[in-house]
Every structure is written in structure tokens, then in C-alpha cells.
Amino acid sequence: MALMLAISKHSRIVVGYRSAIAYNFQSERAFKFDKALARHLLNLLPSVKADLITAVLKIRLVAPPENSAIEGLLDDLLNLGILESCGPATTQASHSEFPTPLLRTLVLEINTRCNFNCQHCYLGDSLKSGEQLDLDVIRKLLDDASSLKIDRVQLTGGNPALHPDVIGSLDLLRDYPYEVFFFSNGTGLSTPLLQALKAANAAVHVSVYGMSNNSGQAFTRYESYFDTLNRTLQSLEDYDIRLRSLDYMVVDENQGEIDNFIAMCKAHGYHYRFGSVVQVGNAVRNKVKNHRETTSLLEPFLENEAAPRFRRMSCYVDQPVVLASGNVTFCLAANEHFDDFILGNIHESSLGSIWMGARTVNIRNSVGVDSLPVCGNCEFKYLCGGVCPFSRKFREVGVRADGTPDCGTYDNNSWFSDSEESPELLMP
């Protein structure tokens, strides 16, 4: 079992399967170091943790002189901001000590209609439903969101460009102080829609499924896929609309084109990210492979703004997601396949009452990474956040014969920079 100990108000040391990581949850910095050194340090800790903080701040440790490695470690932890003078720590780290996540983003799945027929799509049969959030409902949700202190709104689908009131939705958002993000598959961005995106100061995410017409069409069933994508990127540039990122979905058909994708993004200065298939909807029906192990190797290429943030839950519980059906959940993937993650419906209750309700609190508390058998013992747990609850329905992560997690993300962990300047310091 992993050792975890509070060493200051905001700092924890986790000794896991192969290494140890010290975390500062306030500054979101982490420092990886030798597991044996961590155990030695924990054995030397005084019973009163405030004494340790005093010793560290003076760059002294009450220990034999030969413990220069310990002194060097504590020096690093202090200078890198992992430890700080912030009062005595509690004797044990517990999930209840961490504050409730602040809400930041409201995700609105404004429709399920799409002009693609992707093999992996999480929507599955919902693609045929034609469900959508009407403009008056969107207005009510934006009003409710202000009381929840939300400052970002994402419009997604389906293909949100196909919503009959998509321009009206963007015009409506101009009356609110929210930062606006628009998720597109790269099609349907007409001149009026581009003008509305510009007027709303929206930032656009564009999903990418291939770097050629053949690979793109093989996966989306959309002809002239790559030609259309290039025209869209040019249009965004012509209208001076911010491209938040190109989001590359890695699948069998396009994984051989990843280098071409990276080269294009670097040549044009595009921010970019990588994603892998969630095993719900069409992905299950079509047996589409999850390439999470591949994408974990690609994560160092993420833009700085999208660097891994500390996560104490195995899903993002700080962003209400309103599905086109009106159901409220934590994740877009929680459609008809996962009723146990539906928190309520905005056609029956307000967003605020759903989000503050007992069901939401109970589900949020059930996805803490510390409670997961294998993930809870992992030194990377607060960087990774643990295995997605939906993924766990299809594959439970176990422990191998050598005592390490049977997890590709753990094997290929790229949470820490390889730069010579600070090879083991993470600063999102």
C-alpha cells in the first residue's frame, strides 16, 4: 500500500510503486525522487510535523550528518516551492482535507446531430435522436451558471454548427461575461457562423481525424475530409478567430500520420492535443481500439495551458455537463449507456439545485482517486487522476507480478519534463 503523509498544510509525499512524489496542491508543483530516500525521510520525521517545517526552513534536519542526501532533498523541496511556511500540518493526509473543486466550466451539448458517422463516436444511437437544447433553455442555463460562479462555457455536439439556433446561441453569449469555447469537427462553419464566432470572441477547438482525405474519410465517412479541414483552418485565420487547439483523435487508421500532424501544427503555430477513444457508444459496437498508451507518450507536446493539472478525482467533477436531452452529468460520454452518472434533468430542476443536490455530492465523493484499489497506491495518482469510471466498466486495472500497475499510462508516464534544467519538477 502507498505511503502518504502530510508534511505541511498544502504538501503531501506519496511513496508509490517505483518512486516517490512530493506534491504542493496550492502551487500545483510536484517533485519526483527516489523511493528509498522517501522512506528514509519518513522514518526520520519527528512526531510533530511543524518541527519538520521549522527545520526545513532553516535548511537543517535533526538527523546524523551523513544524511546529506536527505538535506539535499529537503533543500530542493523548499527551493522548488513544494514546502512552504504555512503552519503545522495534520498528521495524516485524507481526502476530506482537500477543498471542494471550484466550478469553472459549463459544457453544453447543444445538439446530437452530426454530418460525420465516426466509428468511435461516444454518442452511439443518440446521433439519430435529433435532440437539442433550445435557445430559451440555453438562456436559462446561462442565467443559472452565473450563480454557480462559472466563467467558461463550451458549446459542443454532435456538430454544434448544425444547431438551427447556433448563431443565436453565440449572440446570446455576448450578453454574459463568460469565456466562450466552440468545439467543431471542421465542417459547417458558414460565413454568418464565422462572423458570430468572431463577435462572441469565441475560441475554437477543431477535432482532427486524419491527415489525408483517405484516412479522414475511412474514419468519419466524410468525403474530401482533409481538404475541408484545410479550408476551415484558413477561414478561421481569415476571420482572426482564435484556434484554441487542434484535437487529434488517435485511431488505427491515422496513427501513422501523427508526425505529419505535429509538423503541420508547428509550421503554422497551432496549439494541439491528443485524445483516445472512450469505450462507449460506437466504439464498443465497432470494437475501436483505445490508444491511451500511445497518447500518453505524446502528452509532452501539449500546449502549456493544457498541462496536466492536479486531480484528486477519477473524472472532472468541476464542470457541469448538460446533454442535449437535458440530463446533467460530469462527462459527455455519460449518455444512454451510463444512467448511474446522470445527476438530474434541467427540464425538471434548475442547474443549481441539481449541482448542489445530494446525488451529485454522493457521486462526486465516490470517484476519489484515493479510493481506487490500484490507482490509490500509485505515486502519479494526483497527476493522472486515476482510471476513468466508464473505462473501469470495461477493464479493471490490476497489479502485475512485479508489483506495478497493469496500466499503459503508468508505464509510459510523461508527467515530468526531460529538460536538463529541472528534470523532475512539474509546473503546470
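Rules of the game
Residues numbered from 1 in each chain as written. Predicted model: local features only at pLDDT ≥ 70, side-chain atom pairs only at ≥ 80, totals over all residues. Heavy atoms only, no water. Helix = DSSP H or I, 4+ residues; strand = E, 2+ residues; numbered from the N terminus. Areas by Shrake-Rupley, 256 points an atom, 1.4 Å probe, with all protein chains shown as cover. Buried < 20%, exposed > 50% of the residue type's maximum accessible area, 1.4 Å probe, protein only. Pairing = 2+ DSSP bridges. 1 Å grid on protein atoms, 1.4 Å probe; cavity = no way out; pocket = protein on both sides within 12 Å on 5 of 7 lines; lining within 4 Å. Points joined across faces, edges and corners; volume = space filled by probe spheres on them. Nonpolar A, V, L, I, M, F, W, Y, C, P; charged D, E, K, R; others polar. Polar contact = N/O pair within 3.5 Å; in protein donor to acceptor, adjacent residues only side chain to side chain. Phe/Tyr/Trp six-rings, centres within 6.5 Å; stacked < 30°, edge-to-face > 60°. Axes fitted to C-alpha atoms, helices over the stretch in contact; angles between N-to-C directions. Parallel < 35°, antiparallel > 145°, perpendicular 65-115°, else oblique. Left-handed = near helix turned anticlockwise from the far one by under 90°. Contact = heavy atoms within 4.5 Å. Right-handed = clockwise from strand over helix to strand, strands pointing away. Salt bridge = Lys/Arg side-chain N within 4 Å of Asp/Glu carboxyl O.

Q: Help me understand the overall build of the chain, please; the structure alone is not making it clear to me.
A: The number of helices and strands found in the chain is 16 helices and 14 strands. Put simply, the chain shows about 19,300 Å² of open surface, and 48% of that area lies on carbon and sulfur atoms.

Q: What am I meant to see in the pairing of strand S5 (residues 105–109) here?
A: It is a general feature of regular strands that their side chains alternate between the two faces of the sheet. Taken across its 5 residues, S5 has 5 buried, putting it largely inside the fold. Of the two faces of S5, the one lined by Thr-105, Val-107 and Glu-109 and the one lined by Leu-106 and Leu-108 are each fully buried. Where S5 meets strand S6 (residues 152–156), 5 bridges bridge the pair, whose relative direction is parallel. Its bridge partner lying in S6, Leu-108 is registered against Leu-155. One ladder, built from 2 bridges, connects S5 with strand S11 (residues 321–322); its direction is parallel.

Q: Just checking my understanding: could you explain empty space enclosed by the protein for this structure?
A: In this approach a probe as big as a water molecule rolls over the atoms, and the regions it shows empty are the leftover space. In total, this model carries 2 cavities of 30 Å³ or more according to the counting rule given. Empty space within the largest cavity amounts to approximately 140 Å³. In terms of lining residues, the largest cavity is bounded by 14 residues, among which Cys-375, Cys-378, Cys-384, Cys-407 and Tyr-410 are the most central. Considering only residue class, the lining of the largest cavity consists of 11 nonpolar, 2 polar and 1 charged.

Q: How should I be thinking about the environment of Tyr-382 in this particular structure?
A: Checked against the element boundaries, Tyr-382 lands in helix H14 (residues 381–384). Considering only alpha carbons, one finds Tyr-382 and Ile-21, 361 residues apart in sequence, at a separation of 9.8 Å. Within polar-contact distance, the side chain of Tyr-382 engages the side chain of Asp-370 at 3.0 Å.

Q: Help me understand the sheet that holds strand S13 (residues 344–345) in this model?
A: Strand order in the open sheet formed by 9 strands is S10-S9-S8-S7-S6-S5-S11-S12-S13, with mixed pairing between adjacent strands. A strand with exactly one partner marks an edge of an open sheet, and here the two such strands are strand S10 (272–275) and S13.

Q: I keep staring at the packing of aromatic side chains and nothing clicks. Help me out?
A: The relative placement of two aromatic rings is captured by the distance of their centres and the angle of their planes. Across all of its chains, the model carries 15 aromatic pairs by this definition. Note on Tyr-176 and Tyr-178: the rings are 5.6 Å apart at their centroids and 10 degrees apart in plane angle, and the pair reads as stacked. Given the relative accessible area of 17%, Tyr-176 is considered buried. Tyr-178 gets classed as buried once you look at its relative accessible area, which sits at 7%.

Q: Explain the packing of helix H5 (residues 166–173) against helix H6 (residues 191–199) here, please?
A: Working note: a packed helix pair is described by the angle between its axes plus the distance between those axes. Two elements in contact, H5 and H6, have axes separated by 9 Å at closest approach and are oriented at 15 degrees. Here H6 runs roughly parallel to H5, going by the angle between their axes. The handedness of the crossing between H5 and H6 comes out as left-handed. Counted together, Val-166, Ile-167, Leu-170 and Asp-171 of H5 and Pro-192, Leu-193, Ala-196 and Leu-197 of H6 form the full contact between these two elements. Class assignment of the residues belonging to the contact of H5 with H6 gives a composition of 7 nonpolar, no polar and 1 charged.

Q: Sorry if this is basic, but what is going on with the pairing of S6 here?
A: Of all 5 residues in S6, 4 are buried, a share of seventy percent or more. Sheet topology note: the S6/strand S7 (residues 179–184) ladder contains 4 bridges and is parallel. Counted as the bridge partner of Arg-152 is Glu-179 from S7. The β-α-β motif built from S6, the intervening H5 and the parallel element S7 has right-handed crossover chirality.

Q: Quick question: what am I supposed to make of the pattern of salt bridges here?
A: Two side chains bearing opposite charge may form a pair once their charged atoms approach each other closely. Inspection of every chain in the model, using the stated rule, returns 9 salt bridges. Ionic pairing is found between Asp-402 and Arg-18, a salt bridge with its closest N-O pair at 3.9 Å. On the criterion of sequence distance, the pair formed by Asp-402 in the loop between helix H15 (389–392) and helix H16 (408–411) and Arg-18 in the loop between strand S2 (11–15) and strand S3 (19–24) is long-range, its members being 384 residues apart. Judged by its relative accessible area of 54%, Asp-402 is exposed. Residue Arg-18 is classed as partly exposed on the basis of its relative accessible area of 48%. Across the salt bridge formed by Asp-247 and Arg-273, the nearest N and O atoms sit 3.0 Å from each other. Here the residue Asp-247 occupies a position in strand S9 (residues 242–249), and Arg-273 occupies one in strand S10, the gap between them amounting to 26 residues. The exposure class assigned to Asp-247 is buried, which follows from its relative accessible area of 12%. Note on Arg-273: relative accessible area 26%, which makes it partly exposed. Shared partners join several salt bridges into a network, and the residues in it are Arg-152, Glu-179 and Arg-242.

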